[in-house]
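Here's the letter readout for the chains.
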Amino acid sequence: MQRSGGIIGNNGQPWVLRRVRLTWLSFMLFFILVFFPLIAHYYLTTIDEAGGPDKRIFGPRPGGELCEAKHVQDLCRIRESVSEELLQLESKRQELNGEIARLNLRIEACKRSIDSAKQDLLQLKNVISQTEHSYKELMAQNQPKLSLPVRLLPDKDDPGYPPPKSVQSCRLHSCFDYARCPLTSGFPVYVYDTASYPWGEKLDPLVKQAFASSVKSSVYVTNNPNIACLYIVLVGEIQESPTSPPASPSDLEKQLKALPYWRLDGHNHLLVHLSRKSLTQNFLYNVSTGRAAVAQSTFFERQYREGFDMVVSPLVHALSEPNFLEVPPQVPVKRKYLFTFQGEKVESLRSSLLEAPPQSFEEEMEGDPPADYDDRIIGTLKAVQDSHLDQVLVEFTCKNQPKTSLPTEWALCGEREDRLEVLKVSTFALVISPGDGQLVASAGCSMRLFEALEVGAIPVVLGDHSKLPYHHLIRWSEAVIMVPKPRITELHFLLRSISDNDLLAMRRQGRFLWETYFSTSESIFSTILASVRTSIQIPAAPIREEPAQEIPHKAGKLAGTDANMADNGDLDLGPVEVEPPYASPRFLRNFTYTAADVYRTWNRAPGPFHLFPHTPLDPVLPSEAKFLGSGTGFRPIGGGSGGSGKEFQAALGGNVPREQFTVVMLTYEREEVLMNSLERLNGLPYLNKVVVVWNSPKPPSDDLLWPDIGLPIVVVRTEKNSLNNRFLPWDAVETEAILSIDDDAHLRHDEIMFGFRVWREARDRIVGFPGRFHAWDVNHQSWLYNSNYSCELSMVLTGAAFFHKYYAYLYSYVMPQAIRDMVDEYINCEDIAMNFLVSHITRKPPIKVTSRWTFRCPGCPQALSHDDSHFHERHKCINFFVKVYGYMPLLYTQFRVDSVLFKTRLPHDKTKCFKFI
């Protein structure tokens, strides 16, 4: 009973009943919480629709009665704003859909145009191909291809031509076998080994060693005697020895005929006798040399065969190179002594000691012709010295024992160093030819001539019968004053009447002749070969080019165009289409040079080849034709494009309307700067290629991506870090025009094109942008380098300048090595050296274009020129270069070229400078 009563509960209600109530209450609560809001929401959303517009309870009423509450107003504004944005987006969507539809139509039209253009292009290619084929057929019909002449090589025992009537009548046409030397042979020369003939062991050791060294450096020497055009035998100078007397003429003839390639008469042989002393053995005097030519310093008239034999200079510097720092400067023009002479000839002393005044030549000529004028010369020169009108130095007796000389020849006095000290302070140096008229050339006179030219004393040769070295090729009148002995009384007047400009020109030409033809054993040997080669009209071998060892590199994405570099407005800088690389024509005048310009270009000192005139004695440069012949008809005449405005802008015009240039850019471990500079060249008209001279020993980074500018970029590896590498004549450069530019130079395309146009009008000069000038420091008596803004300039920096490739050959192979060594020592001054070289050759200043004075890019890393020692080194360079050249070759100019197409921006304080347009 108690258990069942416990189940009923405290209030007497059963437990089941209480559970039912709780379940019902929970259900009712759930119904109220869930369904009541839904019903309310439905009622609120439909009550306004059921009633009229004026019976709305919850909807917006006229006048905004329900929006008076603040939060309700905010909600209303949000709703209106969202509605407006949705409407705008829908409108834009519809516009974009319309634009997409229009673009799709245009794409379809473009596709149809491309297909049509491809068809037209294919047709044009077919037409071009057919035209080229027709052109080749016409060329083949009108200009048949000629094969090279067949070279006939005679047998070893070939006797050659019939012997001439007299050996003394030998000339090239009668004693030289041209069949062995065709124009295309390259002039091979075979040099006998001195150990292969008996008298070779008697030769002077210094002469043999210097001669062997010169033979090794020559590009013409061959080891194959069967193809040789010329055979050279070194016959002197013989070393004097009391125990071994020289061979008799008959024995020497037998020894010559025993040479393996003598071929009975010695045709195409050249017997070379190099003398180191003023008295040289003329042991070939009574020797019959047959058809072999002789080259030596001493000749008698009956021995010398004009146009066949050769008078050569003495070998003074056998193994040593001349020291340019010891050579006196060429200025001032007038020196301490007006003229000097030191010599002794015993036979001529008797008349000079007479107290009575000498007879005039006219009185002397009334009787028998005098056998020797030397006595009268002594008296006249002593009278000039005693008059004290000018300071002269004449000594007819030597203080010490005179050097041994030939009869009737004036012997040299003292040692060579003592004679040079006197000549260094002499404006003129007298060279009195031997009294014996039969002695047409002597080693003593050649030695006096050599020493005078070496130190800048202008030689005055008394005696018009003397043959000077290489007289058939060199215009000695441009460096030497030739005076007949009967005019000795007028000599003083003649020397005083010569102007300073003429004196400087003659001294400069004499310096050139000495450096080029006489100074070293290599120059003497090269001159001998060049003399023979020119006489038989064989072109010179081209000077070598520097092989470019290309560094492989990866091209990256297509380079863009810098708006600051290429935005030229309405200016048309070049052709719209990209013109393929076009190399400059080369070797246009190999053979016509030897025939047409022999006498026009030889040793023209005042012309564009002052230091290195383009003579047959010089190597022919590959681009010589264009440099010499620009604008004078040596190139194909294409005619100017004419027109004005865009017609003029779009074409180069002129006589050579098709031409390109090469950019040579020097860089050193500045990859980012280099890449930016290369990208700026994209789209530059008339650019052939870019040659990057990689001056660093470390190669470029492997992951470096080079810009694709649509043209070749050749990266050249160098052997060492040298600024001289900028001017090496790389074989990768195939154009005459070179734009030398630094890797941080910042130039616009219009500026570059304007500079190129100006250079084409002045191909022999440097044309660039940043100008500099030199100045004389009165306090320190030295030259200074100046980079201040000025209306006058004398240099254009080659960090942004055009120049001809011809000067790259001269800078690298011809310019004195001492200059290049100083550039390497200071890692500086290569641009100054190039300006010195060009001004020295042309005697013209450079040309500056535009008003730019600096060209560095903003934000680039610091360059070498920012170093404090930079300017001090450049001061030293200028003064050193002046010593090497002997004078200051730089010339001032106030000329600047600006284009009327561009506006010149000048600082307000520089407006006084004149501008030439």
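Residues numbered from 1 in each chain as written. Predicted model: local features only at pLDDT ≥ 70, side-chain atom pairs only at ≥ 80, totals over all residues. Heavy atoms only, no water.

The name given to the protein chain in an unreviewed UniProt entry is Exostosin-like 3, and the organism recorded there is Phoxinus phoxinus. According to UniProt, the comment filed for the protein chain under the heading Pathway (unreviewed entry) is "Glycan metabolism; heparan sulfate biosynthesis." (UniProt positions renumbered as here; feature names shortened; annotations may be inferred.)

Counting its regular elements, the protein chain contains 24 helices and 26 strands. For the protein chain, the proportion of its 917 residues judged to be buried stands at 48%. Nonlocal contacts in the protein chain, meaning residues at least 24 apart in sequence, comprise 78% of its contacts between residues at least 6 apart. For the protein chain, the accessible area works out to roughly 47,700 Å², and carbon and sulfur atoms hold 56% of it. (Helix = DSSP H or I, 4+ residues; strand = E, 2+ residues; numbered from the N terminus. Buried < 20%, exposed > 50% of the residue type's maximum accessible area, 1.4 Å probe, protein only. Contact = heavy atoms within 4.5 Å. Areas by Shrake-Rupley, 256 points an atom, 1.4 Å probe, with all protein chains shown as cover.)

Here we take up the packing of aromatic side chains. Summed over the entire model, instances satisfying the criterion amount to 34 aromatic pairs. When the centroid spacing of 5.7 Å and the interplanar angle of 75° are considered together, the rings of F727 and F803 count as edge-to-face. Taken as a pair, F727 in the loop between β18 (713-717) and β19 (737-742) and F803 in strand β24 (residues 800-804) lie far apart in primary sequence, 76 residues in all. Ring centres of W776 and W783 lie 4.9 Å apart, and the angle between their planes is 70°; on these two criteria the pair is classed as edge-to-face. On the accessibility criterion, W783 (19% relative accessible area) is buried. Aromatic rings pair up to connect Y470, W476, F512, Y517 and F518 into one cluster. One Lys or Arg, R508, reaches over the ring of Y887 and ends 4.6 Å from the middle of that ring. (Phe/Tyr/Trp six-rings, centres within 6.5 Å; stacked < 30°, edge-to-face > 60°. Lys NZ or Arg CZ within 6 Å of the ring centre and 35° of its normal.)

In this section: the packing of helix α21 (residues 805-814) against helix α23 (residues 830-842). Relative orientation of the contacting elements α21 and α23 amounts to 110°, with a least axis distance of 11 Å. Considered as vectors, α21 and α23 are oriented roughly perpendicular to each other. Mapping the contact onto sequence places Y807, L810 and Y811 in α21 and E830, A833, M834, L837, V838, I841 and T842 in α23. (Axes fitted to C-alpha atoms, helices over the stretch in contact; angles between N-to-C directions. Parallel < 35°, antiparallel > 145°, perpendicular 65-115°, else oblique.)

Another aspect to go through is unusual backbone geometry. Here G236 and E237 are connected by a cis peptide whose omega angle stands at 25°. Assignment of secondary structure puts E237 in the loop between β2 (230-236) and α6 (249-257). Omega for the bond connecting V331 with P332 falls within 30 degrees of zero, at 0°, which places this linkage in the cis form. In this structure, P332 sits in the loop between β6 (310-311) and β7 (337-342). In this model, E669 sits at a positive phi of 50°, which is unusual for a non-glycine residue. The exposure class of E669 is partly exposed, given its relative accessible area of 38%.

Evaluation of the coordinates by the stated rule reveals 4 disulfides. Between the sulfur atoms of C829 and its disulfide partner C877 the distance amounts to 2.0 Å. Here the S-S torsion is close to 80°, and the disulfide linking C829 with C877 is therefore right-handed. A residue pair is termed long-range when its members are at least 10 positions apart, and C829 in the loop between α22 (817-826) and α23 and C877 in helix α24 (residues 869-885) qualify at 48 residues. Judged by its relative accessible area of 0%, C877 falls in the buried class. (Disulfide = S-S within 2.5 Å.)

Moving on: the nonpolar core. In globular proteins that are soluble, nonpolar side chains generally tend to be buried together. Counting 82 residues, the largest nonpolar core has F187 and I232 as the members making the most contacts within it. At 6 residues, the largest contribution of residues to this core is made by β2. Beyond its immediate sequence surroundings of up to four residues, I232 is in contact with V189, Y190, V191, Y192, F211, L270, V272, F525 and L529. Of all hydrophobic cores here, the second largest spans 50 residues; its members include L797, V838, Y885 and L890. (Core = buried A, V, L, I, M, F, W, Y, C linked by side-chain atoms within 4.5 Å.)

Scanning the model with the defined rule gives 35 salt bridges in all. One salt bridge connects D764 with K844, and the closest N-O pair in it is separated by 3.1 Å. Taken together, the positions of D764 in the loop between α20 (749-761) and β20 (767-768) and K844 in the loop between α23 and β25 (847-849) put the pair 80 residues apart, joining distant regions of the chain. Overall, the relative accessible area of 14% leaves D764 in the buried class. A network of salt bridges, in which partner residues are shared, links E659, E736, R760 and R763. (Salt bridge = Lys/Arg side-chain N within 4 Å of Asp/Glu carboxyl O.)

Among the 5 residues that make up β24, 5 are buried, leaving the element largely enclosed by the rest of the structure. In this structure, β20 lies alongside β24, joined through 2 bridges in antiparallel fashion. Each bridged residue has a counterpart across the sheet, and for V767 the counterpart in β24 is F802. (Pairing = 2+ DSSP bridges.)

The gaps of empty space that remain are located by a probe, the size of a water molecule, rolled over the atoms. Inspection of the entire model under this criterion finds 11 cavities of 30 Å³ or more. By volume, the largest cavity amounts to about 150 Å³. Broken down by secondary-structure element, the contributors of at least two residues to the lining of the largest cavity are β7, α10 (416-423), β9 (426-432) and α11 (443-455). By volume, the second largest cavity is sized at about 110 Å³. (1 Å grid on protein atoms, 1.4 Å probe; cavity = no way out; pocket = protein on both sides within 12 Å on 5 of 7 lines; lining within 4 Å. Points joined across faces, edges and corners; volume = space filled by probe spheres on them.)

Moving on, we get to the sheet that holds strand β11 (residues 458-462). The strand order across the open sheet formed by 5 strands is β8-β7-β9-β11-β12, and the pairing between neighbours is parallel. Sheet topology places β8 (393-395) and β12 (481-483) at the edges, where each strand pairs with a single neighbour. Between one strand and the next, the sheet's axes are offset by a mean angle of 25°, whatever the strand orientation. Where β7 meets β8, 3 bridges bridge the pair, whose relative direction is parallel. Considered in β8, the bridge of T340 is made with L393.

Spatial ordering of the open sheet is given by β22-β21-β23, a layout of 3 strands whose pairing is antiparallel. Every other strand in the sheet has two partners, leaving β22 (782-786) and β23 (795-796) as the edge strands with one partner each. With 5 bridges connecting them, strand β21 (residues 771-777) and β22 associate as antiparallel partners. Residue D777 lies in a different strand from β22, and its bridge partner there is S782. α24 rests against β21, β22 and β23 of the sheet, and its axis sits at about 135° to β22.

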